[in-house]
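The lines below spell out each chain.
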Amino acid sequence: QVQLVESGGGLVRPGGSLRLTCAATGGTFSTYTVAWFRQAPGKEREFVAAKKWSGSNYADTVKGRFTISRDNDKNTVYLQMNSLNPEDTAVYYCAAGSNRLITSSLRYVSSYDYWGQGTQVTVSS
C-alpha cells in the first residue's frame, strides 16, 4: 500500500509563490500516476494537476502558473505554485493512481487509489 504525506502549505500574499511537497512511502513510486487536487470550504474537490511518466496535465484555472514535477529517486511529488491569488485558497491533496490512466480520466477523484491528508494554502493580503 502507498502512503502520501503533503507539506509546504501556509499563508502567502497575492502574487506570491509556494512549493508543496508530497512524500510517498510503501509502494513503487515510479509505477504510479500522481496528481494534485484542492478543496475550498463548501466546494467539491477540484483537479489541479497530474503527471504521468510521459507528461503533465493541468486545470485551466492553474495552467501557466502551477507546475507539477516528480523525483522518483526521492519518492516525492512537487507542486510549484506561482502568481497565487485568493481563489487558490484551499486544502491541497496529493493522490496516486494507476499508470494506465488515460488523459481524460486524470481530472476525476475516483481515478485515484491513494490520498494524502492535505495541506492548507491560504492566499490573503
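Details of the structure are given in the entry above.
Owing to the predicted nature of the structure, the values given are computational and were not obtained by experimental measurement.

Engineer: Would you mind showing me how to read the sheet that holds strand S7 (residues 66–71) here?
Structural biologist: Within a sheet, adjacent strands bond to each other through the backbone by hydrogen bonds, running parallel or antiparallel. Taken in spatial order, the 4 strands make up an open sheet running S1-S3-S8-S7, and their pairing is antiparallel. Edge positions in the open sheet fall to strand S1 (3–7) and S7, since each of these has one partner strand only. Looking at each pair of strands side by side, their axes are set apart by 15 degrees on average, direction ignored. Bridge count for strand S3 (residues 18–25) against strand S8 (residues 76–81) is 6 bridges, and the pairing is antiparallel.

Engineer: Please clarify how the state of the cysteines should be interpreted in this entry.
Structural biologist: Covalently bonding the sulfur atom of one cysteine to the sulfur atom of another cysteine gives a disulfide. This model, assessed by the stated rule, comprises 1 disulfide. With a sulfur-sulfur separation of 2.0 Å, cysteine 22 is cross-linked through a disulfide to cysteine 94. Measuring the twist about the S-S bond at about 55 degrees, one finds the cysteine 22-cysteine 94 disulfide to be right-handed. Of this pair, cysteine 22 sits in strand S3 while cysteine 94 sits in strand S9 (residues 90–98); the two residues are 72 residues apart in sequence, bridging distant segments of the chain.

Engineer: Explain the nonpolar core to me, please; I cannot follow it from the model alone.
Structural biologist: Among soluble globular proteins, nonpolar side chains are generally buried collectively. Formed by 37 residues in total, the largest nonpolar core has its most connected members in Trp36, Leu79 and Tyr92. For this core, the secondary-structure elements that each account for two or more residues are S3, strand S4 (32–39), strand S5 (46–52), S7, S8, S9, strand S10 (112–115) and strand S11 (119–123). Aside from chain neighbours lying at most four places away, what touches tyrosine 92 is Glu6, Leu20, Trp36, Phe37, Arg38, Val48, Phe66, Leu79, Met81, Gly118, Thr119 and Val121.

Engineer: So what exactly am I meant to see when it comes to unusual backbone geometry here?
Structural biologist: Most peptide bonds adopt trans geometry, and most residues besides glycine take a negative phi value. The phi torsion at asparagine 75 lies on the positive side, around 50 degrees, for a residue other than glycine. As for its position among the elements, asparagine 75 is in the loop between S7 and S8. A residue is classified by how much of its surface remains accessible, and asparagine 75, at 27% relative accessible area, is partly exposed. Residue serine 83 is not a glycine yet carries a positive backbone phi of 50 degrees. Inspection of the secondary structure puts serine 83 in the loop between S8 and S9. Under the relative-accessibility criterion, serine 83 is labelled partly exposed at 43%.

Thresholds, definitions, all that
- Residues numbered from 1 in each chain as written.
- Predicted model: local features only at pLDDT ≥ 70, side-chain atom pairs only at ≥ 80, totals over all residues.
- Heavy atoms only, no water.
- Pairing = 2+ DSSP bridges.
- Helix = DSSP H or I, 4+ residues; strand = E, 2+ residues; numbered from the N terminus.
- Axes fitted to C-alpha atoms, helices over the stretch in contact; angles between N-to-C directions.
- Disulfide = S-S within 2.5 Å.
- Core = buried A, V, L, I, M, F, W, Y, C linked by side-chain atoms within 4.5 Å.
- Buried < 20%, exposed > 50% of the residue type's maximum accessible area, 1.4 Å probe, protein only.
- Contact = heavy atoms within 4.5 Å.

Nothing here speaks to function; it is all geometry.
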